[in-house]
Amino acid sequence: MFKSLLKMLGIGDEQPSGVVAKDRLKMVIIHDRTSVSPEVMKRFRADLIKVLSNYFEIDEHDMNLSLESESNSCALIASIPLRGMRGRVAKT
Amino acid sequence: MCEVMVVTSGKGGVGKTTTTANIGVGLAMRGKRVAVIDTDTGLRNLDLLLGLENRIMYDLVDVTSGRVAYKKALVRHKKFETLYLLPTSQVRDKSAVKPEQLVELVTEMRNEFDYILIDCPAGLEQGFQTAIAAADVALVVTTPEISSVRDADKIIGELGRADKETIKLIVNRIRPMMVEKGDMLNMDDINEILSLECIGQIPDDEAVVTATNRGEPVITIDSSMAGRAYRNIVARICGEAVPFMTFPREGFLARLRRLFGM
Ligand SMILES: Nc1ncnc2c1ncn2[C@@H]1O[C@H](COP(=O)(O)OP(=O)(O)OP(=O)(O)O)[C@@H](O)[C@H]1O
Ligand SMILES: [Mg+2]
């Protein structure tokens, strides 16, 4: 009751549905434009891990892959933390 | 010089025909020579919105098939005498008009008009390809709903593939109260997502319905919000820099008052 009162006053903490709509739209449009489905991204992620593992010791769970769009272009953004490299990088 | 504009959208029913009728009338109110062409084969509507349904003799297929000259098929508006309608055909065959045929027709018409507006059918089929073929500019209409914006993005992609480079956005059926509450995408959100130049936002307005009922587009109604929004669009098309209208806002106090029924 209190929460819905806050929401009606427009000061609740829940995200307004317009913001949710915008976030969802951004995602779906990127996938539409590149015709890359979330399923394909999942397979790509798995393949990428396989290849990278031949060369690096990577931290699978902290790896971040996403498609992002900026005005008229799309980019594949990957952040791949390497395991056990921190100390060594500092020494060289 | 003549400018040919196609009014298109991904999703159906978002206001293409309404927009074509209003911009057509608006340009004619400024004394421009305007032709509006309905290419929604089988689903004739533009004549109704303009109140010209009883004056049709020939249609687009009669013209493109060479049965009559286009000037014979044009229906002149009673009140706005520089406005002409070329009605669509009621045949069922959606591919009755080929893209090349429309290009040829429009090329011939360019000498006689300042603006030619083409009302496009919904969807991505041949009717769409025909409607866009002859256009210099595409006006993409969307509502502030996710499905409509997503489909607009598809259409924009198709327009790009067809080498249509000048694409402008019109956001229709905005509900200012919902935008205010954050419960509806606003013009800037949609602009950002589609990265297009926006030339107008039209509120959801009962006057659109009553105007349509009478066959007199809402742009002719001085007091209506939607009419004002369409007049602004027409001004922008004519190259005037008109600021975007702000809808009456509902502040915190007003919300409180409404909540407690005051
Ligand atoms: N701004 C508005 N406010 C209220 N009603 C509107 C508004 N714009 C359009 N409408 C209504 O929405 C309905 C659909 O409009 P319209 O026929 O122009 O859409 P369309 O995109 O041409 O549809 P189709 O894809 O079937 O050709 C109509 O009943 C119209 O009156
Ligand atoms: Mg229509």
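Residues numbered from 1 in each chain as written. Chains lettered and ligands numbered in written order. Predicted model: local features only at pLDDT ≥ 70, side-chain atom pairs only at ≥ 80, totals over all residues. Heavy atoms only, no water.

**Examining helix H7 (residues 146-161) of chain B**
Moving on, step 1. Over its 16 residues, H7 of chain B extends 23 Å from the first C-alpha to the last, a length consistent with the 22 Å expected when each residue adds 1.5 Å.
Moving on, step 2. For H7 of chain B, the set of buried residues is Ser 148, Val 149, Ala 152, Asp 153, Ile 155, Ile 156 and Leu 159 of chain B. Down the axis of H7 of chain B, the buried set is contained in an arc of 165 degrees. They therefore lie on one face.
Moving on, step 3. Buried residues in H7 of chain B make contact with helix H2 (17-34) of chain A together with strand S1 (3-8), helix H6 (126-133), strand S6 (137-142), strand S7 (166-174) and helix H9 (187-194) of chain B. (Helix = DSSP H or I, 4+ residues; strand = E, 2+ residues; numbered from the N terminus. Expected span 1.5 Å × (residues − 1). Buried < 20%, exposed > 50% of the residue type's maximum accessible area, 1.4 Å probe, protein only. Arc of directions from axis to C-beta. Contact = heavy atoms within 4.5 Å.)

**Points about the side chain of Thr 20 of chain B**
Residues and elements named next belong to chain B.
Moving on, step 1. When you line up the elements, Thr 20 lands in helix H1 (residues 16-29).
Moving on, step 2. Taking relative accessible area as the criterion, Thr 20 reaches 0% and is therefore assigned buried.
Moving on, step 3. Sequence-distant contacts of Thr 20, that is, excluding residues within four places in its chain, are made with Val 7, Val 36, Leu 46, Leu 117 and Asp 119.

**Description of the packing of H2 of chain A against H7 of chain B**
Moving on, step 1. With their axes 10 Å apart at the nearest point, H2 of chain A and H7 of chain B run at an angle of 30 degrees to one another. For the element pair H2 of chain A / H7 of chain B, the angle class is roughly parallel. As for how H2 of chain A packs across H7 of chain B, the hand of that crossing is right-handed. Here Ala 21, Arg 24, Leu 25, Val 28, Ile 29, Asp 32 and Arg 33 of chain A of H2 of chain A come into contact with H7 of chain B, specifically with Ile 146, Val 149, Arg 150, Asp 153 and Lys 154 of chain B. (Axes fitted to C-alpha atoms, helices over the stretch in contact; angles between N-to-C directions. Parallel < 35°, antiparallel > 145°, perpendicular 65-115°, else oblique. Left-handed = near helix turned anticlockwise from the far one by under 90°.)

**Considerations on the pairing of strand S5 (residues 115-119) of chain B**
If a strand is regular, its side chains alternate between the two faces of the sheet.
All names here are of chain B.
Moving on, step 1. For S5, a buried count of 5 out of 5 residues is recorded, marking the element as mostly surrounded by other parts of the structure.
Moving on, step 2. Of the two faces of S5, the one lined by Tyr 115, Leu 117 and Asp 119 and the one lined by Ile 116 and Ile 118 are each fully buried.
Moving on, step 3. As paired strands, S1 and S5 are joined by 5 bridges and run parallel to one another. Bridge pairing in S5 places Val 4 opposite Ile 116. (Pairing = 2+ DSSP bridges.)

**Concerning the site of ligand 1**
Residue and element names in this part refer to chain B.
Moving on, step 1. Within the structure, ligand 1 sits among 16 residues, and Gly 13, Lys 16, Thr 17, Thr 18 and Asn 172 are positioned closest to it.
Moving on, step 2. Interatomic distance of 3.2 Å between a backbone N/O atom of Val 14 and an oxygen atom of ligand 1.
Moving on, step 3. Its free accessible area being 640 Å², ligand 1 has 78% of it covered by the protein chains.
Moving on, step 4. For the shell around ligand 1, the secondary-structure elements that each account for two or more residues are H1, S7 and strand S8 (197-203).
Moving on, step 5. It is H1 that contributes the most residues to the shell around ligand 1, 3 residues altogether. (Near = heavy atom within 4 Å. Polar contact = N/O pair within 3.5 Å; in protein donor to acceptor, adjacent residues only side chain to side chain. Areas by Shrake-Rupley, 256 points an atom, 1.4 Å probe, with all protein chains shown as cover.)

**Examining the environment of Val 6 of chain B**
Moving on, step 1. One can find Val 6 of chain B in strand S1.
Moving on, step 2. In this structure, Val 6 of chain B is in contact with Ile 118, Cys 120, Ala 131, Ile 132, Ala 135, Val 137, Ala 138 and Leu 139 of chain B, ignoring residues within four places of it in sequence.

**So, the confidence of the model for chain B**
Low-pLDDT stretches of the model should not have their predicted coordinates read in fine detail.
Moving on, step 1. Confidence along chain B averages 93 in pLDDT terms, with 94% of residues attaining 70 or more.
Moving on, step 2. Our summary of model confidence lists the complex with pTM equal to 0.84 and ipTM equal to 0.76. (pLDDT = per-residue confidence, 0-100.)

**Let's talk about unusual backbone geometry**
Residues and elements named next belong to chain B.
Moving on, step 1. Despite not being glycine, Asp 163 has its phi angle at roughly 60 degrees, a positive value.
Moving on, step 2. The residue Asp 163 is located in the loop between H7 and S7 in this model.
Moving on, step 3. At Arg 173, a residue that is not glycine, the phi angle is positive and equals roughly 65 degrees.
Moving on, step 4. Take Arg 173: it is sitting in strand S7.
Moving on, step 5. You can call Arg 173 partly exposed: its relative accessible area is 42%.

**Some details on the pattern of salt bridges**
Moving on, step 1. Taken as a whole and assessed by the stated rule, the structure comprises 15 salt bridges over all chains.
Moving on, step 2. In this structure, Arg 150 of chain B engages Asp 32 of chain A in a salt bridge whose closest nitrogen and oxygen atoms are separated by 2.6 Å. With Arg 150 of chain B in helix H7 and Asp 32 of chain A in helix H2, this residue pair bridges two chains.
Moving on, step 3. Since its relative accessible area comes to 30%, Arg 150 of chain B is described here as partly exposed.
Moving on, step 4. Its salt-bridge partner being Asp 136 of chain B, residue Arg 110 of chain B comes within 2.9 Å of it at the nearest N-O pair. Remark: Asp 136 of chain B occurs in the loop between H6 and S6 and Arg 110 of chain B occurs in the loop between helix H5 (99-109) and S5; sequence separation between them is 26 residues. (Salt bridge = Lys/Arg side-chain N within 4 Å of Asp/Glu carboxyl O.)

**Some remarks on the sheet that holds strand S3 (residues 75-76) of chain B**
All names here are of chain B.
Moving on, step 1. Taken in spatial order, the 8 strands of this open sheet run S3-S4-S2-S5-S1-S6-S7-S8, and their pairing is mixed. Strands at the two margins of the open sheet, each flanked by one partner only, are S3 and S8.
Moving on, step 2. Where strand S2 (residues 34-38) lies against strand S4 (residues 83-86), 4 bridges are found, and the strand directions are parallel. Its bridge partner lying in S4, Ile 37 is registered against Leu 86.
Moving on, step 3. Sitting on the sheet, H7 is in contact with S1, S6 and S7, with an inclination near 165 degrees to S6.

**Remarks on the environment of Lys 26 of chain A**
Moving on, step 1. One can find Lys 26 of chain A in helix H2.
Moving on, step 2. On the accessibility criterion, Lys 26 of chain A (33% relative accessible area) is partly exposed.
Moving on, step 3. Ignoring anything within four residues of it in the chain, the contact list for Lys 26 of chain A reads Glu 192 and Ile 193 of chain B.
Moving on, step 4. Of note is the side chain of Lys 26 of chain A, whose polar atom sits 2.9 Å from the side chain of Glu 192 of chain B.

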